Amino acid sequence: MREFNINTRKLEIGNIGNKLFDVIIVGGGITGAGTANALSTTGLKVLLLEKGDFASGTSSASSKLIHGGLRYLQQGRIFLTKDLIREREYLLRNTSIVKKIGFRILIDGYSPSGLSIKFGLFLYSMLSGKPRIPRFTVNNGELVPEVKGYYSFYDAMTDDSTLVIHNIASATMRGVVCLNYCRVTGIQEDDAVRVEFLDVTTNRKAYVSGKLIINCAGPWADNVQLLAGKASNGAKLSGGTHIVVDKSLYEGEDAIAFFSHLDGRQMFIIPREKVNIIGTTDILTTSPDNNVPTGEEIEYLIKSAQRLIPQLKQSSVLASFYGTRPLLGHGKDPGKVTRNFRILENGKMLSVYGVKLTDFRKASRKVAQRISKKLGAPALAKEIPTIDYTRPENLTVEYILNFECPLTVEDIIRRRIPVEIYDPLGKEKLVHECEEFVKEGKLVKSIMTV
Ligand SMILES: Cc1cc2nc3c(=O)[nH]c(=O)nc-3n(C[C@H](O)[C@H](O)[C@H](O)COP(=O)(O)OP(=O)(O)OC[C@H]3O[C@@H](n4cnc5c(N)ncnc54)[C@H](O)[C@@H]3O)c2cc1C
């Protein structure tokens, strides 16, 4: 397999001076990674630039669900739900990094009526082509007494950064140049698009040109528009926090969907490897660079979930994370603004907003089709993009160093083998192993990014 590591990165940057690419992608979250992967089959020359590590933005701070969007169905967004279900089923069938997870949606004094949930779940199963009358299970004492019982359904889960890395590595295998820690600092549009970027590891600037540029900068997409001298598309930003708590607080296998008694918001308790993840909030924010949850948000999550897990306390929180969504649409309540992705074209730049982990294939295929057509490349084959990169069963840090291009210890423990999230109490062993690689010069402790 083609190597993709700290040395190949250095070589690529060394050779890049003033090269002309067909397409330059800004941003290495799921939108950029999926698009790079889709374009990698077209024969076009593609470069992806990411200012931090791959998946260091929202794409490592999501609920990590590949979901049909039951919540969107409750809002009447049937076509969106149908699309998401189709994508979920494709990913379940065709990748090993997306797995089914059972859900229990609780019926109590804070949920919509049991009948409306039953109807919603029936519709949800119908849209997936497997209609099924949902069964109600009475609370026989396993849940707090105020819960009458629950309806069961399934969705899917993944690790978001792993999904990104698999797309990046698949694209790299087919010749896309993907560079992490390279921040785009200037964009000038002429006959071609001239891009200035900073290699954050050396603080050196470099220049490269592309026939077209794709802005996949997620919540930073409007900033990239401005860098190119274009008007902002006016995306609102909505931040969401999750907390990570010990597994012993809830040892069930199914995730729990419930409604907060504080404001009626739908929330989840999601059992993962050695922890449970509880989320999320949905609050308008002003800067995409805010990436730390506020004490208030953490308190809201604790109080909401305490109703079901009375022993949950502030000290039960082992970790927390925060991600930001860009929303293009009107309305003060971020929960009600449209969640469909949008592709906006302006000159030689395509800006892509609002792609979810779940629909990244549909969105990136659409973007890649449009680019291929503009550049006269062949149309995409039917199932593109496909994830062809696979990891060995006995995954080692050495392997990751060779084929997934991490540069720092954090890249490994947060986005390649994310023990920081799924096993925060047991992370020391991996941290220690990484520190040995730091001594050998194969990793660095950290890199300052802006
Ligand atoms: C709280 C929360 C929970 C969510 N849960 C789910 C879920 O369970 N399932 C689901 O399907 N979706 C979920 N989503 C949605 C999904 O996570 C996001 O929509 C998706 O990750 C966005 O990916 P992206 O690539 O567009 O943005 P990002 O992942 O933010 O990637 C953009 C990248 O661009 C880079 N960048 C920015 N500026 C520059 C520059 N100048 N130069 C180079 N690089 C730059 C950034 O560093 C960043 O890595 C959730 C979203 C939130 C906020």
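Residues numbered from 1 in each chain as written. Predicted model: local features only at pLDDT ≥ 70, side-chain atom pairs only at ≥ 80, totals over all residues. Heavy atoms only, no water.

Caption draft 1: Representation of the site of the ligand within the structure. Neighbouring residues of the ligand: 37 residues in total, closest Thr 31, Glu 50, Ser 59, Leu 65 and Val 355. In the model, an oxygen atom of the ligand is placed 2.7 Å from a nitrogen or oxygen of the Thr 31 side chain. A distance of 2.6 Å is found between an oxygen atom of the ligand and a backbone nitrogen or oxygen belonging to Val 355. Burial of the ligand by the protein amounts to 95% of the accessible area it has alone, namely 1000 Å². Of all the secondary-structure elements, those providing two or more residues to the shell around the ligand are α2 (30-39), β8 (182-189), β11 (236-246) and β16 (317-327). Residue composition of the shell around the ligand, grouped by class: 13 nonpolar, 18 polar and six charged. (Near = heavy atom within 4 Å. Polar contact = N/O pair within 3.5 Å; in protein donor to acceptor, adjacent residues only side chain to side chain. Areas by Shrake-Rupley, 256 points an atom, 1.4 Å probe, with all protein chains shown as cover. Helix = DSSP H or I, 4+ residues; strand = E, 2+ residues; numbered from the N terminus. Nonpolar A, V, L, I, M, F, W, Y, C, P; charged D, E, K, R; others polar.)

Caption draft 2: Broad picture of the pairing of strand β13 (residues 266-271). Among the six residues of β13, six are classified as buried, and the element is accordingly described as predominantly covered. With four bridges joining them, strand β12 (residues 255-259) and β13 adopt antiparallel strand pairing. The residue bridging Ile 256 from the neighbouring strand is Ile 269, located in β13. Linking β12 back to β13 in an antiparallel pair, the connection comprises six residues, with Gly 264 at a positive phi of about 80 degrees. As paired elements, β13 and strand β14 (residues 275-279) share four bridges and run antiparallel to each other. By the bridge assignment for β14, Pro 271 is matched with Asn 276. Connecting β13 to the antiparallel partner β14 that follows it, the hairpin turn spans three residues. (Buried < 20%, exposed > 50% of the residue type's maximum accessible area, 1.4 Å probe, protein only. Pairing = 2+ DSSP bridges.)

Caption draft 3: Spatial organisation of the pattern of salt bridges. On inspection of all chains with the given rule, the structure shows 35 salt bridges. In this structure, Arg 104 engages Glu 142 in a salt bridge whose closest nitrogen and oxygen atoms are separated by 3.4 Å. Note that Arg 104 is positioned in strand β4 (residues 98-107) and Glu 142 in the loop between β5 (136-138) and β6 (149-158), a separation of 38 residues in sequence. Between Glu 299 and Lys 303 there is a salt bridge, and its shortest N-O distance comes to 3.2 Å. Residue Glu 299 and its partner Lys 303 are both found in helix α8 (residues 295-306); the two are separated by four residues, about one turn of the helix. Residue classification places Glu 299 among the partly exposed residues on the basis of a relative accessible area of 39%. (Salt bridge = Lys/Arg side-chain N within 4 Å of Asp/Glu carboxyl O.)

Caption draft 4: The arrangement of the nonpolar core in detail. Ile 25, Leu 39, Ile 214 and Ile 371 are the most contacted members of the largest nonpolar core, which totals 49 residues. Counting residues per element, the ones that place at least two in this core are β1 (20-26), α2, β2 (46-49), α4 (78-94), α6 (160-173), β10 (204-215), β18 (349-353) and α9 (360-375). With 23 residues, the next largest nonpolar core counts Ile 13, Ile 16, Phe 21 and Trp 220 among its residues. (Core = buried A, V, L, I, M, F, W, Y, C linked by side-chain atoms within 4.5 Å.)

Caption draft 5: Spatial organisation of the packing of helix α11 (residues 409-416) against helix α13 (residues 428-439). Running from amino to carboxyl end, α11 crosses α13 at an angle of 145 degrees, the nearest separation of the two axes being 9 Å. In the crossing of α11 with α13, the sense of the turn from one axis to the other is right-handed. Residues Val 409, Ile 412 and Ile 413 of α11 lie in contact with α13, whose contacting residues are Leu 430, Val 431, Cys 434 and Val 438. In terms of residue class, the contact of α11 with α13 is built from seven nonpolar, no polar and no charged. (Axes fitted to C-alpha atoms, helices over the stretch in contact; angles between N-to-C directions. Left-handed = near helix turned anticlockwise from the far one by under 90°. Contact = heavy atoms within 4.5 Å.)

Caption draft 6: Fine view of the side chain of Thr 81. Tracing the backbone through its elements, the reader meets Thr 81 in helix α4. Excluding residues that lie within four positions of it along the chain, Thr 81 makes contacts with Gly 68, Gly 69, Tyr 72, Leu 73, Tyr 124 and Leu 127.

Caption draft 7: Local environment of α6. Between its first and last C-alpha, α6 extends 20 Å over 14 residues, near the 20 Å set by a 1.5 Å rise per residue. Counting buried residues along α6, 13 of its 14 residues qualify, which places the element largely inside the surrounding structure. Of the residues one or two after α6, Gly 175 is the one with positive phi, at around 100 degrees. (Expected span 1.5 Å × (residues − 1).)

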